[in-house]
Amino acid sequence: MKFDTQLIHGGISLDQSTGAVSVPIHMASTFKQTKIGEAKYEYSRSGNPTREAVESLIADLENGTAGFAFASGSAAISTIFSLFSSGDHIIVGNDVYGGTFRLIDNVLKRTGQTFTIVDTRDLSAIQEAIQDNTVAIYLETPTNPLLRISDIKAISELAHRHNLLSIVDNTFASPYVQKPIDLGVDIVVHSASKYLGGHSDLIAGLVVTKGEELSEKIKFLQNAIGAILAPQESWLLQRGMKTLGLRMRAHQSNAQTIFDYLKTQDKVAKIYFPGDPDNPDHALAKQQMNGFGAMISFELKVGLDPEQFISNLKIITLAESLGALESLIEIPAKMTHGAIPRNIRISHGIQDELIRLSVGVEDIADLIEDLEQSFNQLK
Ligand SMILES: *Cc1c(COP(=O)(O)O)cnc(C)c1O
(Lines give C-alpha, C1' and ligand atoms only; values in the text may rest on other atoms or scores of the structure.)
Protein backbone atom coordinates (compact mmCIF):
# COMPACT_ATOMS: atom_id res chain seq x y z
CA MET A 1 0.00 0.00 0.00
CA LYS A 2 1.24 3.48 -0.85
CA PHE A 3 1.51 6.08 1.91
CA ASP A 4 -1.64 8.06 1.06
CA THR A 5 -3.70 4.84 0.96
CA GLN A 6 -2.13 3.71 4.23
CA LEU A 7 -3.26 6.95 5.87
CA ILE A 8 -6.85 6.04 5.09
CA HIS A 9 -6.84 2.24 5.19
CA GLY A 10 -3.80 1.45 7.37
CA GLY A 11 -3.96 0.12 10.90
CA ILE A 12 -7.48 -0.40 12.22
CA SER A 13 -9.43 1.98 9.99
CA LEU A 14 -13.05 0.95 10.42
CA ASP A 15 -15.47 -0.54 12.93
CA GLN A 16 -15.41 -4.34 12.61
CA SER A 17 -18.85 -4.80 14.20
CA THR A 18 -20.89 -2.28 12.17
CA GLY A 19 -18.74 -1.53 9.14
CA ALA A 20 -18.72 2.17 10.02
CA VAL A 21 -15.85 3.69 8.03
CA SER A 22 -14.88 5.86 10.97
CA VAL A 23 -13.65 4.12 14.12
CA PRO A 24 -16.09 4.67 17.02
CA ILE A 25 -15.10 6.58 20.14
CA HIS A 26 -15.15 3.98 22.91
CA MET A 27 -15.67 5.93 26.10
CA ALA A 28 -15.70 2.85 28.36
CA SER A 29 -13.23 2.60 31.25
CA THR A 30 -13.69 -1.14 31.63
CA PHE A 31 -14.79 -4.13 29.51
CA LYS A 32 -16.87 -7.23 30.31
CA GLN A 33 -14.77 -10.36 30.56
CA THR A 34 -16.41 -13.59 29.36
CA LYS A 35 -14.24 -15.56 31.80
CA ILE A 36 -11.64 -14.21 34.20
CA GLY A 37 -8.73 -12.95 32.12
CA GLU A 38 -10.50 -13.72 28.84
CA ALA A 39 -11.09 -10.39 27.13
CA LYS A 40 -9.52 -8.44 24.28
CA TYR A 41 -9.68 -5.31 26.45
CA GLU A 42 -9.75 -5.15 30.21
CA TYR A 43 -9.34 -1.57 31.32
CA SER A 44 -8.84 1.50 29.14
CA ARG A 45 -5.45 2.51 30.55
CA SER A 46 -4.08 -0.87 29.41
CA GLY A 47 -5.92 -0.83 26.10
CA ASN A 48 -8.79 0.99 24.42
CA PRO A 49 -10.10 0.17 20.92
CA THR A 50 -10.12 3.80 19.74
CA ARG A 51 -6.59 4.36 20.99
CA GLU A 52 -5.53 1.04 19.48
CA ALA A 53 -6.79 2.21 16.08
CA VAL A 54 -4.52 5.26 16.03
CA GLU A 55 -1.67 3.25 17.52
CA SER A 56 -1.90 0.64 14.78
CA LEU A 57 -2.04 3.39 12.15
CA ILE A 58 1.15 5.15 13.29
CA ALA A 59 2.93 1.77 13.53
CA ASP A 60 2.04 1.14 9.86
CA LEU A 61 3.03 4.64 8.73
CA GLU A 62 6.45 4.44 10.39
CA ASN A 63 6.99 0.78 9.35
CA GLY A 64 7.44 -0.21 12.97
CA THR A 65 6.32 -3.18 15.07
CA ALA A 66 3.98 -1.36 17.45
CA GLY A 67 2.58 2.11 18.11
CA PHE A 68 1.67 3.79 21.39
CA ALA A 69 -0.39 6.92 22.02
CA PHE A 70 0.21 9.31 24.90
CA ALA A 71 -1.42 12.39 26.39
CA SER A 72 1.29 14.62 24.87
CA GLY A 73 4.61 14.47 23.07
CA SER A 74 6.24 15.22 26.40
CA ALA A 75 4.46 12.28 28.06
CA ALA A 76 5.67 10.05 25.22
CA ILE A 77 9.27 11.24 25.65
CA SER A 78 9.13 10.80 29.46
CA THR A 79 7.88 7.26 28.99
CA ILE A 80 10.75 6.46 26.60
CA PHE A 81 13.32 7.77 29.10
CA SER A 82 11.73 5.51 31.74
CA LEU A 83 13.42 2.65 29.85
CA PHE A 84 16.65 3.85 31.48
CA SER A 85 17.93 3.52 35.02
CA SER A 86 20.12 5.36 37.46
CA GLY A 87 23.70 5.24 36.20
CA ASP A 88 22.72 4.94 32.53
CA HIS A 89 24.28 7.47 30.16
CA ILE A 90 22.41 8.88 27.17
CA ILE A 91 23.80 10.98 24.31
CA VAL A 92 21.41 13.77 23.34
CA GLY A 93 21.39 16.12 20.34
CA ASN A 94 22.31 19.73 21.20
CA ASP A 95 19.31 21.23 19.42
CA VAL A 96 16.47 19.18 20.94
CA TYR A 97 13.03 20.60 21.78
CA GLY A 98 13.19 22.93 24.80
CA GLY A 99 10.74 20.80 26.77
CA THR A 100 12.91 17.72 26.20
CA PHE A 101 15.95 19.61 27.46
CA ARG A 102 13.94 20.77 30.49
CA LEU A 103 12.87 17.18 31.21
CA ILE A 104 16.48 16.00 31.04
CA ASP A 105 17.95 18.88 33.03
CA ASN A 106 15.33 19.28 35.76
CA VAL A 107 13.75 15.85 36.11
CA LEU A 108 15.82 12.99 34.69
CA LYS A 109 19.18 14.12 36.09
CA ARG A 110 17.67 13.80 39.57
CA THR A 111 16.95 10.13 38.87
CA GLY A 112 20.64 9.44 38.35
CA GLN A 113 20.60 9.19 34.55
CA THR A 114 23.53 11.06 32.99
CA PHE A 115 23.67 12.87 29.66
CA THR A 116 26.16 14.23 27.17
CA ILE A 117 24.88 16.87 24.77
CA VAL A 118 26.50 16.72 21.31
CA ASP A 119 26.00 18.13 17.82
CA THR A 120 24.64 14.98 16.21
CA ARG A 121 25.72 16.21 12.75
CA ASP A 122 29.24 15.33 13.90
CA LEU A 123 29.63 11.52 13.94
CA SER A 124 33.04 11.68 15.58
CA ALA A 125 31.59 13.82 18.39
CA ILE A 126 29.01 11.10 19.01
CA GLN A 127 31.71 8.43 18.89
CA GLU A 128 33.81 10.35 21.45
CA ALA A 129 30.83 10.77 23.77
CA ILE A 130 30.22 7.02 24.06
CA GLN A 131 31.10 5.65 27.52
CA ASP A 132 30.95 2.16 29.07
CA ASN A 133 27.54 2.99 30.57
CA THR A 134 26.05 4.63 27.44
CA VAL A 135 22.72 3.05 26.55
CA ALA A 136 21.14 5.30 23.91
CA ILE A 137 21.39 8.16 21.43
CA TYR A 138 18.45 10.57 21.30
CA LEU A 139 18.16 13.17 18.55
CA GLU A 140 15.95 15.37 16.41
CA THR A 141 16.34 16.01 12.71
CA PRO A 142 15.46 18.54 11.35
CA THR A 143 16.18 20.49 14.53
CA ASN A 144 14.37 23.43 16.02
CA PRO A 145 14.72 26.26 15.06
CA LEU A 146 17.81 26.04 12.82
CA LEU A 147 16.59 23.00 10.86
CA ARG A 148 19.91 21.21 10.97
CA ILE A 149 20.00 17.70 9.55
CA SER A 150 21.70 14.67 11.11
CA ASP A 151 22.51 11.46 9.25
CA ILE A 152 19.99 9.02 10.72
CA LYS A 153 21.39 5.95 8.94
CA ALA A 154 24.99 6.58 9.94
CA ILE A 155 24.01 7.35 13.55
CA SER A 156 21.87 4.25 13.94
CA GLU A 157 24.70 2.12 12.49
CA LEU A 158 27.10 3.67 14.98
CA ALA A 159 24.58 3.08 17.77
CA HIS A 160 24.17 -0.58 16.88
CA ARG A 161 27.92 -1.18 16.69
CA HIS A 162 28.02 -0.07 20.34
CA ASN A 163 24.81 -1.80 21.40
CA LEU A 164 22.96 1.47 21.98
CA LEU A 165 19.34 2.27 21.26
CA SER A 166 18.79 4.98 18.67
CA ILE A 167 15.79 7.24 19.21
CA VAL A 168 14.58 9.94 16.82
CA ASP A 169 12.02 12.67 17.49
CA ASN A 170 10.40 12.84 14.05
CA THR A 171 7.98 15.70 14.84
CA PHE A 172 9.44 18.28 12.43
CA ALA A 173 9.36 15.92 9.45
CA SER A 174 6.30 13.66 9.99
CA PRO A 175 6.32 10.14 8.51
CA TYR A 176 5.35 11.62 5.13
CA VAL A 177 8.75 13.31 4.91
CA GLN A 178 10.98 10.92 6.87
CA LYS A 179 10.85 7.34 8.14
CA PRO A 180 13.60 6.84 10.73
CA ILE A 181 12.87 3.13 11.31
CA ASP A 182 13.58 2.43 7.62
CA LEU A 183 16.94 4.11 8.22
CA GLY A 184 17.75 1.80 11.15
CA VAL A 185 16.34 3.60 14.20
CA ASP A 186 14.83 1.63 17.12
CA ILE A 187 12.30 4.13 18.48
CA VAL A 188 10.48 7.02 16.81
CA VAL A 189 8.60 9.61 18.83
CA HIS A 190 6.22 12.36 17.71
CA SER A 191 4.56 15.31 19.24
CA ALA A 192 1.34 14.53 17.38
CA SER A 193 0.17 17.99 18.47
CA LYS A 194 2.01 19.23 15.35
CA TYR A 195 1.82 17.77 11.78
CA LEU A 196 0.11 14.48 12.65
CA GLY A 197 -2.88 16.14 14.34
CA GLY A 198 -2.39 19.00 11.95
CA HIS A 199 -5.28 21.26 12.93
CA SER A 200 -4.07 22.99 16.15
CA ASP A 201 -6.87 21.32 18.06
CA LEU A 202 -5.22 18.65 20.17
CA ILE A 203 -2.21 17.69 22.30
CA ALA A 204 -0.94 14.15 21.78
CA GLY A 205 2.20 12.06 21.54
CA LEU A 206 3.01 8.90 19.59
CA VAL A 207 5.79 6.34 19.88
CA VAL A 208 6.71 3.63 17.38
CA THR A 209 9.04 0.77 18.24
CA LYS A 210 10.98 -1.74 16.17
CA GLY A 211 11.02 -5.35 17.38
CA GLU A 212 8.88 -7.32 19.84
CA GLU A 213 11.14 -6.97 22.88
CA LEU A 214 11.27 -3.18 22.76
CA SER A 215 7.54 -3.01 21.97
CA GLU A 216 6.75 -5.08 25.08
CA LYS A 217 8.89 -2.78 27.21
CA ILE A 218 7.14 0.39 26.00
CA LYS A 219 3.74 -1.29 26.34
CA PHE A 220 4.57 -2.14 29.94
CA LEU A 221 5.71 1.44 30.67
CA GLN A 222 2.70 2.98 28.93
CA ASN A 223 0.40 1.02 31.24
CA ALA A 224 2.56 1.39 34.35
CA ILE A 225 3.03 5.16 34.01
CA GLY A 226 -0.44 5.69 32.56
CA ALA A 227 0.08 8.89 30.52
CA ILE A 228 -2.26 7.54 27.81
CA LEU A 229 -4.17 9.38 25.11
CA ALA A 230 -7.94 9.54 25.84
CA PRO A 231 -10.47 8.01 23.37
CA GLN A 232 -11.85 11.36 22.08
CA GLU A 233 -8.35 12.65 21.38
CA SER A 234 -7.34 9.34 19.81
CA TRP A 235 -10.25 9.62 17.39
CA LEU A 236 -9.51 13.27 16.59
CA LEU A 237 -5.85 12.46 15.97
CA GLN A 238 -6.69 9.61 13.59
CA ARG A 239 -9.17 11.82 11.76
CA GLY A 240 -6.47 14.50 11.36
CA MET A 241 -3.85 12.01 10.19
CA LYS A 242 -5.97 10.83 7.24
CA THR A 243 -5.10 14.02 5.34
CA LEU A 244 -1.39 14.09 6.25
CA GLY A 245 -0.30 13.43 2.66
CA LEU A 246 -2.57 16.13 1.20
CA ARG A 247 -1.47 18.59 3.85
CA MET A 248 2.26 17.86 3.62
CA ARG A 249 2.28 18.35 -0.15
CA ALA A 250 0.54 21.71 0.28
CA HIS A 251 2.79 22.68 3.22
CA GLN A 252 5.96 21.77 1.32
CA SER A 253 4.93 23.46 -1.89
CA ASN A 254 4.10 26.69 -0.02
CA ALA A 255 7.38 26.47 1.92
CA GLN A 256 9.39 26.17 -1.29
CA THR A 257 7.68 29.25 -2.76
CA ILE A 258 8.22 31.25 0.43
CA PHE A 259 11.89 30.24 0.48
CA ASP A 260 12.27 31.44 -3.12
CA TYR A 261 10.57 34.71 -2.16
CA LEU A 262 12.69 35.27 0.98
CA LYS A 263 15.85 34.77 -1.09
CA THR A 264 14.93 37.85 -3.12
CA GLN A 265 14.20 39.97 0.00
CA ASP A 266 17.10 42.29 0.80
CA LYS A 267 15.88 42.81 4.40
CA VAL A 268 16.59 39.12 5.09
CA ALA A 269 20.16 38.39 6.19
CA LYS A 270 20.08 34.61 6.38
CA ILE A 271 17.66 31.75 5.69
CA TYR A 272 17.68 28.34 7.35
CA PHE A 273 15.88 25.80 5.15
CA PRO A 274 17.16 22.31 4.22
CA GLY A 275 15.70 22.84 0.74
CA ASP A 276 18.22 25.63 0.14
CA PRO A 277 20.86 24.24 -2.28
CA ASP A 278 23.46 26.37 -0.44
CA ASN A 279 22.53 24.88 2.97
CA PRO A 280 25.41 22.62 4.16
CA ASP A 281 22.88 19.89 5.06
CA HIS A 282 21.04 20.04 1.71
CA ALA A 283 22.54 16.90 0.14
CA LEU A 284 21.86 14.82 3.25
CA ALA A 285 18.31 16.17 3.51
CA LYS A 286 17.72 15.21 -0.11
CA GLN A 287 18.99 11.73 0.58
CA GLN A 288 17.01 10.87 3.71
CA MET A 289 13.87 13.01 3.35
CA ASN A 290 10.92 13.08 0.96
CA GLY A 291 10.92 16.84 0.45
CA PHE A 292 12.35 19.34 2.90
CA GLY A 293 9.51 19.91 5.35
CA ALA A 294 7.69 23.19 5.78
CA MET A 295 9.60 24.96 8.54
CA ILE A 296 11.70 27.96 7.55
CA SER A 297 13.75 30.12 9.87
CA PHE A 298 15.30 33.41 8.79
CA GLU A 299 17.18 36.34 10.26
CA LEU A 300 16.37 39.94 9.48
CA LYS A 301 19.33 42.27 8.81
CA VAL A 302 20.80 43.56 12.10
CA GLY A 303 18.88 46.64 13.26
CA LEU A 304 15.54 45.52 11.80
CA ASP A 305 13.04 44.62 14.50
CA PRO A 306 11.58 41.09 14.18
CA GLU A 307 8.81 41.98 16.61
CA GLN A 308 7.68 44.86 14.39
CA PHE A 309 7.83 42.59 11.35
CA ILE A 310 5.64 39.98 13.01
CA SER A 311 3.14 42.44 14.48
CA ASN A 312 2.43 43.87 11.01
CA LEU A 313 1.47 40.50 9.55
CA LYS A 314 -2.25 40.09 8.94
CA ILE A 315 -2.73 36.42 8.06
CA ILE A 316 0.37 34.67 9.36
CA THR A 317 -0.37 34.17 13.07
CA LEU A 318 1.92 34.98 15.97
CA ALA A 319 1.92 31.77 18.01
CA GLU A 320 4.08 28.98 19.37
CA SER A 321 3.67 25.48 17.94
CA LEU A 322 3.93 24.36 14.32
CA GLY A 323 2.65 21.90 11.78
CA ALA A 324 -0.80 23.46 11.61
CA LEU A 325 -3.07 24.42 8.73
CA GLU A 326 -2.51 28.07 9.76
CA SER A 327 0.88 29.62 9.09
CA LEU A 328 2.42 30.28 12.51
CA ILE A 329 5.31 32.63 13.19
CA GLU A 330 7.40 33.29 16.27
CA ILE A 331 10.66 34.72 17.60
CA PRO A 332 12.61 31.85 19.21
CA ALA A 333 14.78 34.18 21.35
CA LYS A 334 11.69 35.63 23.03
CA MET A 335 9.31 32.68 22.86
CA THR A 336 10.11 28.99 22.32
CA HIS A 337 13.80 29.37 23.26
CA GLY A 338 13.42 32.27 25.69
CA ALA A 339 14.37 30.13 28.70
CA ILE A 340 17.87 29.48 27.32
CA PRO A 341 20.41 32.04 28.67
CA ARG A 342 21.28 34.54 25.90
CA ASN A 343 24.99 33.68 25.66
CA ILE A 344 24.24 29.94 25.33
CA ARG A 345 21.46 30.64 22.84
CA ILE A 346 23.74 32.83 20.69
CA SER A 347 26.51 30.23 20.88
CA HIS A 348 23.98 27.71 19.51
CA GLY A 349 23.41 30.08 16.57
CA ILE A 350 19.98 31.36 17.65
CA GLN A 351 20.28 35.13 17.12
CA ASP A 352 17.91 37.79 18.48
CA GLU A 353 16.83 38.58 14.90
CA LEU A 354 15.83 34.99 14.13
CA ILE A 355 12.23 34.33 13.06
CA ARG A 356 10.72 30.84 12.79
CA LEU A 357 7.89 30.28 10.35
CA SER A 358 5.70 27.19 10.19
CA VAL A 359 4.30 27.46 6.68
CA GLY A 360 0.60 26.63 6.53
CA VAL A 361 -1.66 25.60 3.69
CA GLU A 362 -3.34 28.94 2.95
CA ASP A 363 -3.30 30.18 -0.64
CA ILE A 364 0.34 30.96 -1.35
CA ALA A 365 -0.49 34.30 -3.01
CA ASP A 366 -2.03 35.53 0.25
CA LEU A 367 0.98 34.40 2.28
CA ILE A 368 3.47 36.13 -0.04
CA GLU A 369 1.37 39.29 -0.07
CA ASP A 370 1.24 39.26 3.73
CA LEU A 371 5.03 38.92 4.01
CA GLU A 372 5.56 41.58 1.33
CA GLN A 373 3.35 44.23 3.00
CA SER A 374 5.07 43.64 6.33
CA PHE A 375 8.59 43.87 4.80
CA ASN A 376 7.51 47.12 3.13
CA GLN A 377 6.60 48.66 6.51
CA LEU A 378 9.89 47.57 8.10
CA LYS A 379 12.47 50.32 8.60
C1 LIG B 1 6.09 20.18 20.57
C2 LIG B 1 7.24 19.25 20.56
C3 LIG B 1 7.43 18.29 21.58
C4 LIG B 1 6.52 18.22 22.79
O5 LIG B 1 5.26 17.78 22.45
P6 LIG B 1 3.91 18.20 23.25
O7 LIG B 1 2.85 17.51 22.49
O8 LIG B 1 3.82 19.69 23.21
O9 LIG B 1 4.07 17.70 24.66
C10 LIG B 1 8.49 17.41 21.46
N11 LIG B 1 9.35 17.47 20.42
C12 LIG B 1 9.21 18.40 19.45
C13 LIG B 1 10.19 18.42 18.33
C14 LIG B 1 8.17 19.31 19.48
O15 LIG B 1 8.06 20.23 18.51
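Rules of the game
Residues numbered from 1 in each chain as written. Predicted model: local features only at pLDDT ≥ 70, side-chain atom pairs only at ≥ 80, totals over all residues. Heavy atoms only, no water. Axes fitted to C-alpha atoms, helices over the stretch in contact; angles between N-to-C directions. Helix = DSSP H or I, 4+ residues; strand = E, 2+ residues; numbered from the N terminus. Parallel < 35°, antiparallel > 145°, perpendicular 65-115°, else oblique. Left-handed = near helix turned anticlockwise from the far one by under 90°. Contact = heavy atoms within 4.5 Å. Nonpolar A, V, L, I, M, F, W, Y, C, P; charged D, E, K, R; others polar. UniProt positions renumbered as here; feature names shortened; annotations may be inferred. Buried < 20%, exposed > 50% of the residue type's maximum accessible area, 1.4 Å probe, protein only. Pairing = 2+ DSSP bridges. Phe/Tyr/Trp six-rings, centres within 6.5 Å; stacked < 30°, edge-to-face > 60°.

J.: Run through the packing of helix H3 (residues 73-81) against helix H4 (residues 98-106), naming residues and quoting values.
T.: Each packed pair of helices is defined by two parameters, the angle between the axes and the distance between the axes. H4 packs onto H3 with a crossing angle of 40° between their chain directions and a minimal axis gap of 10 Å. Of the possible angle classes, the one that applies to H3 and H4 is oblique. For the crossing formed where H3 meets H4, the hand is right-handed. Contacts between H3 and H4 involve Ile77, Ser78 and Phe81 from the first element and Thr100, Leu103 and Ile104 from the second. A breakdown of the residues in the contact of H3 with H4 according to their chemical character gives four nonpolar, two polar and no charged.

J.: So what's going on with the UniProt feature "modified residue: N6-(pyridoxal phosphate)lysine" (unreviewed entry) in the chain? Which residues, and what values?
T.: According to UniProt, the feature "modified residue: N6-(pyridoxal phosphate)lysine" (unreviewed entry) maps to Lys194 in the numbering used here. Structurally, Lys194 can be placed in the loop between strand S6 (187-191) and strand S7 (205-209). Residues in contact with Lys194, not counting those within four places in the same chain, are Thr171, Ser321, Leu322 and Gly323.

J.: Explain the pairing of S6 to me, using residue names and the numbers behind them.
T.: By the criterion of burial, S6 is predominantly enclosed, with five of the five residues buried. Neither face of S6 is exposed, since Ile187, Val189 and Ser191 on one face and Val188 and His190 on the opposite face are all buried. Where S6 lies against S7, five bridges are found, and the strand directions are antiparallel. Pairing of His190 across the sheet is with Leu206, part of S7.

J.: Quick rundown of the pairing of strand S4 (residues 134-140)? Include the residues and the values.
T.: The buried fraction of S4 is high, at six of seven residues. Pairing of strand S2 (residues 89-93) with S4 involves four bridges; the strand directions are parallel. Bridging from a neighbouring strand, Ile90 pairs with Ala136 of S4. Pairing of S4 with strand S5 (residues 165-169), which is carried by five bridges, proceeds in the parallel orientation.

J.: Any chance you could break down the packing of aromatic side chains for me, citing the residues and the numbers?
T.: A full pass over the atoms with the stated rule returns ten aromatic pairs. Relative to Tyr41, the ring of Phe31 has its centre 5.5 Å away and its plane inclined at 40°; by these criteria the two rings are tilted. Here Phe31, found in the loop between helix H1 (3-9) and helix H2 (49-61), pairs with Tyr41, found in the loop between H1 and H2; they are ten residues apart in sequence, far enough to count as distant. With relative accessibility at 19%, the residue Phe31 sits in the buried group.

J.: Lay out the environment of Asp281 with the relevant residues and their values.
T.: The topology assignment puts Asp281 in the loop between strand S8 (268-272) and helix H11 (282-288). Asp281 sits 275 residues away from Gln6 along the chain, and the two C-alpha atoms are 30 Å apart. Discounting chain neighbours no more than four positions away, the residues touching Asp281 are Arg121, Leu147, Arg148 and Ile149.

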